[in-house]
Amino acid sequence: MAYQIFKSNKSATGMCCNFAVNVDDLCFYINLQRQVKWENNQGSFKGGKRVAVKMKPDEIGAILVCIQRNFDQEMVHRTDAAMTNIFFQKLFKYDAETKTYTKDQVGYYISVTRTPKEGEKETFRIGFNYGESEVLRQYLIWGLGLIFAEQTRKQAESRPAKS
């Protein structure tokens, strides 16, 4: 089971996000994908550029702290091929008239910027209102519980049998 959020718009600049717990790998995968078109009052994401990030339980804990204590958090993943910056931060109301953000917090957002050794840097960003943030928080807590249960099971299986 995954938690998905779709934010499409008429200008086809929307984003969708998928948080998925993977018990076998003892982690979460976060996928963000760009909207490609708007047809019949509906956004389409099929074939849109995407980014995927594997998050360990402690990194999910950092996201939970952001929501629970209203903090901002940055995490960095480095590989031989790229550097990925993951931001989970407060989301502020945007004033379209002044084209600035106000001081009124309206939720949180996740932003993933991947900078490859070769090629162009890309950023994917999606916001969550407070209701979506609470559902995400509950999903992440639930997923961590599944991971802990699987770790416990694996540890019990690896112990030698008592005679």
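Residues numbered from 1 in each chain as written. Predicted model: local features only at pLDDT ≥ 70, side-chain atom pairs only at ≥ 80, totals over all residues. Heavy atoms only, no water.

Draft legend 1. Spatial organisation of the nonpolar core. Ranked by internal contacts, the top residues of the largest apolar core, which has 32 residues, are L32 and I110. Residues within four places of I110 in sequence aside, it is in contact with C17, F19, I30, L32, I86, F87, F88, F124, R125, I126 and F128. (Core = buried A, V, L, I, M, F, W, Y, C linked by side-chain atoms within 4.5 Å. Buried < 20%, exposed > 50% of the residue type's maximum accessible area, 1.4 Å probe, protein only. Contact = heavy atoms within 4.5 Å.)

Draft legend 2. How the structure looks around the environment of I86. Along the polypeptide, I86 turns up in strand 8 (residues 82–95). Separated by 14 residues in sequence, I86 and T100 have C-alpha atoms that sit 23 Å apart. If near-sequence neighbours (up to four positions away) are discounted, I86 is found in contact with V53, M55, Q73, E74, M75, H77, I110, S111 and V112. (Helix = DSSP H or I, 4+ residues; strand = E, 2+ residues; numbered from the N terminus.)

Draft legend 3. Representation of the sheet that holds strand 8 within the structure. Taken together, four strands build an open sheet; the order of strands is 7-8-9-10 and the sheet is antiparallel. Each edge of the open sheet is held by one strand with a lone partner, namely strand 7 (73–78) and strand 10 (122–129). The sheet shows a mean angle of 25 degrees between the axes of neighbouring strands, direction not considered. Alignment of strand 9 (residues 100–116) against strand 10, held across eight bridges, turns out to be antiparallel. Bridge pairing in strand 10 links V112 to F124. Seen against the sheet, helix 1 (residues 57–69) touches strand 7, strand 8 and strand 9 and runs at an angle of roughly 160 degrees to strand 7. (Pairing = 2+ DSSP bridges. Axes fitted to C-alpha atoms, helices over the stretch in contact; angles between N-to-C directions.)

Draft legend 4. Up close: the pairing of strand 8. Two strands pair when backbone bridges link them, and strand 7 and strand 8 are joined in this way by six bridges, in the antiparallel orientation. Across the sheet, residue H77 finds its bridge partner in strand 8, namely T84. Hairpin connection from strand 7 to strand 8: three residues lie between these consecutive antiparallel strands. Summarising the sheet, strand 8 and strand 9 pair through 13 bridges and their orientation is antiparallel. Residue T84 lies in a different strand from strand 9, and its bridge partner there is R114. The hairpin turn running from strand 8 into strand 9, its antiparallel successor, is four residues long, and K99 in that turn takes a positive phi close to 55 degrees.

Draft legend 5. The arrangement of helix 1 in detail. Between its terminal C-alpha atoms helix 1 stretches 18 Å, which fits the 18 Å expected from 13 residues at 1.5 Å a residue. With its phi angle positive at about 60 degrees, N70 sits one or two positions after the end of helix 1. (Expected span 1.5 Å × (residues − 1).)

Draft legend 6. Structural view of the sheet that holds strand 6 (residues 50–55). Overall, antiparallel pairing links the four strands, which are arranged 1-2-3-6 in an open sheet. Each edge of the open sheet carries a strand with a single partner, namely strand 1 (2–7) and strand 6. Here the strands of the sheet are splayed against their neighbours by 10 degrees on average, with no regard to which way each runs. Of the strands in this sheet, strand 3 (27–34) and strand 6 touch helix 1, which is tilted by about 105 degrees from strand 6. Against the sheet, helix 2 (residues 130–158) makes contact with strand 1, strand 2 (15–22) and strand 3, and its axis sits at roughly 25 degrees relative to strand 2, the strand it touches most.

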